[in-house]
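Listed below are the residues making up each chain.
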Amino acid sequence: MIPMLYSKEVAKALETGAPIVALESTIITHGMPFPQNVETARLVEDDIRHAGAVPATIAVLGGVLHIGLEPETLDQLGQAENVAKLSRADMAACIATGGNGATTVAATMIAAHLAGIHVFATGGIGGVHKGAEESFDISADLHELAQTPVTVVAAGAKAILDLPKTFEVLETLGVPVIAFGQDMLPAFWSARSDMAAPLRMDTVEQIAKSQQMRTAMGLKGGQLVTNPIPKDAEIPANELAPIITQALNEAETAGINAKAVTPFLLGRIFELTEGRSLTANIALVRNNARLAAQIAIAMRQEPAPR
Ligand code: PSU
Ligand code: MN
């Protein structure tokens, strides 16, 4: 038996069949500084409610897998120290040993699927790190998309990554990568990269139907929906490039590796942009939450194709 606890609103939504959107917690504990992390988590949950769906923020607390957090619990998590960053490799161990852990994209997908939730919103997925040919640092998020049937809405892969290699791996793994409403892939803090998207969709109904068709065909895995950051919130890629390079160099000099790389880089880019990267990050997560809510509503309305 998996120790699981549902928030009141998620328990009710599961009973009534109301649309639900899963949310990760690593962005709260490792992706943003306090207090903006908690403020953003609350805003994102409210965005989903206003769009007509129910938010389910996921975390492991005292060895219990929480599907949806009550407001007090969300506040505590935002200030908690020594919370593990959980992925597929260590999630079960954290639950088994009674630990506390925040869920990454991979772990959140696993939890969402266990709870019967089909849609999940985040900022940016993990991917192939620059220099991966040496470090072999490739996020488990990519393999999770290939095997767990959850549609993930993100603003692309985080621009600190090697984006061409990240999308090559997704193609190899058979993960549909869909750009919402444009031909080019977005690049997290920037609305457009210079890479054409493998698939483009302009309606949430198309996205919902495509996930259901995969399931009907017996194809494992989810889909990645890349949703461009709103134009008025973006930071142009050429402005960010030197800052990302500087942060990467500092990470190398400081010997940062494994799970610490992404939080280190996000933190340094926040400092080097004097907070602008965080403002953009908040805008894109909220934008993704709103789209995910619409997809969750469309999935509920579309009967599974036969
Ligand atoms: N999106 C954000 N900020 C984040 C993350 C996503 O806007 O901090 C987290 C997600 O939890 C993602 C993780 O799964 O970063 C990737 O970490 P890694 O590169 O170590 O796999
Ligand atoms: Mn990694």
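The structure presented is a predicted model; accordingly, all values stated were derived computationally and were not measured.

### Topic: the nonpolar core
Ranked by internal contacts, the top residues of the largest apolar core, which has 102 residues, are Ile67, Ile125, Val152, Leu170, Trp189 and Leu224. The dominant element in this core, judged by the number of residues it contributes, is helix α13 (residues 276-301), at 13 residues. Not counting residues up to four positions away in its chain, the partners in contact with leucine 224 are Ile125, Leu145, Val152, Ala154, Phe167, Leu170, Val175, Pro176, Val177 and Ile178.

### Let's talk about the pattern of salt bridges
Opposite charge on two side chains permits pairing when their charged atoms draw close. Scanning all chains against the criterion turns up 17 salt bridges. We note a salt bridge from arginine 42 to aspartate 75, for which the minimum N-O separation is 2.8 Å. Of this pair, arginine 42 sits in helix α3 (residues 36-50) while aspartate 75 sits in helix α4 (residues 71-79), and the two are 33 residues apart along the sequence. When its relative accessible area of 27% is taken as the criterion, aspartate 75 is described as partly exposed.

### Describing the layout of surface pockets
Taken as a whole, the largest pocket spans an internal volume of roughly 520 Å³. Lining the largest pocket are 30 residues, with Lys85, Thr104, Ser139, Asp141 and Thr262 positioned closest to its centre. Those elements that place two or more of their residues in the lining of the largest pocket are α2 (26-31), α8 (140-147) and α12 (261-272). Partitioning the lining of the largest pocket into residue classes produces 10 nonpolar, 14 polar and 6 charged.

### Quick notes on the site of ligand 1
Around ligand 1, the surrounding shell holds 19 residues, and the nearest of these are Glu24, Lys85, Ser139, Asp141 and Thr262. Aspartate 141 has a polar side-chain atom sitting 2.7 Å from an oxygen atom of ligand 1. The contact in question runs from an oxygen atom of ligand 1 to an N or O atom on the side chain of lysine 158, over 3.0 Å. Contributions of two or more residues to the shell around ligand 1 are made by α2 and α12. With 3 residues, α2 is the largest single contributor of residues to the shell around ligand 1. Among the residues forming the shell around ligand 1, the class breakdown is 4 nonpolar, 11 polar and 4 charged.

### Observations concerning the pairing of strand β9 (residues 177-180)
Alternating residues of β9 divide into Val177 and Ala179 and Ile178 and Phe180, and every residue in both groups is buried. As paired elements, β9 and strand β11 (residues 223-226) share 3 bridges and run parallel to each other. Note on β11: the bridge partner recorded for isoleucine 178 is valine 225. Of the strand pairs in this sheet, β9 and strand β10 (residues 199-201) are connected by 3 bridges, and their pairing is parallel. Within β10, the residue paired with alanine 179 across the bridge is arginine 200.

### What about the packing of aromatic side chains?
Taken as a whole and assessed by the stated rule, the structure comprises 1 aromatic pair. For the ring pair phenylalanine 188 and tryptophan 189, a centre distance of 4.7 Å and an interplane angle of 80° mean the geometry is edge-to-face. The pair phenylalanine 188 / tryptophan 189 is uniform in exposure class, with both members buried.

### Some details on the environment of alanine 157
By the secondary structure assignment, alanine 157 is in the loop between β8 (151-154) and α9 (163-172). Among the residues examined, alanine 157 registers a relative accessible area of 0% and is labelled buried. Between the C-alpha atoms of alanine 157 and glycine 116, which are 41 residues apart in sequence, the distance is 25 Å. When near neighbours in sequence (up to four residues on either side) are disregarded, alanine 157 contacts Ile125, Leu163, Thr166, Phe167, Ala187 and Phe188.

Each value, and the rule that gives it
- Residues numbered from 1 in each chain as written.
- Chains lettered and ligands numbered in written order.
- Predicted model: local features only at pLDDT ≥ 70, side-chain atom pairs only at ≥ 80, totals over all residues.
- Heavy atoms only, no water.
- Core = buried A, V, L, I, M, F, W, Y, C linked by side-chain atoms within 4.5 Å.
- Buried < 20%, exposed > 50% of the residue type's maximum accessible area, 1.4 Å probe, protein only.
- Helix = DSSP H or I, 4+ residues; strand = E, 2+ residues; numbered from the N terminus.
- Contact = heavy atoms within 4.5 Å.
- Salt bridge = Lys/Arg side-chain N within 4 Å of Asp/Glu carboxyl O.
- 1 Å grid on protein atoms, 1.4 Å probe; cavity = no way out; pocket = protein on both sides within 12 Å on 5 of 7 lines; lining within 4 Å.
- Points joined across faces, edges and corners; volume = space filled by probe spheres on them.
- Nonpolar A, V, L, I, M, F, W, Y, C, P; charged D, E, K, R; others polar.
- Near = heavy atom within 4 Å.
- Polar contact = N/O pair within 3.5 Å; in protein donor to acceptor, adjacent residues only side chain to side chain.
- Pairing = 2+ DSSP bridges.
- Phe/Tyr/Trp six-rings, centres within 6.5 Å; stacked < 30°, edge-to-face > 60°.

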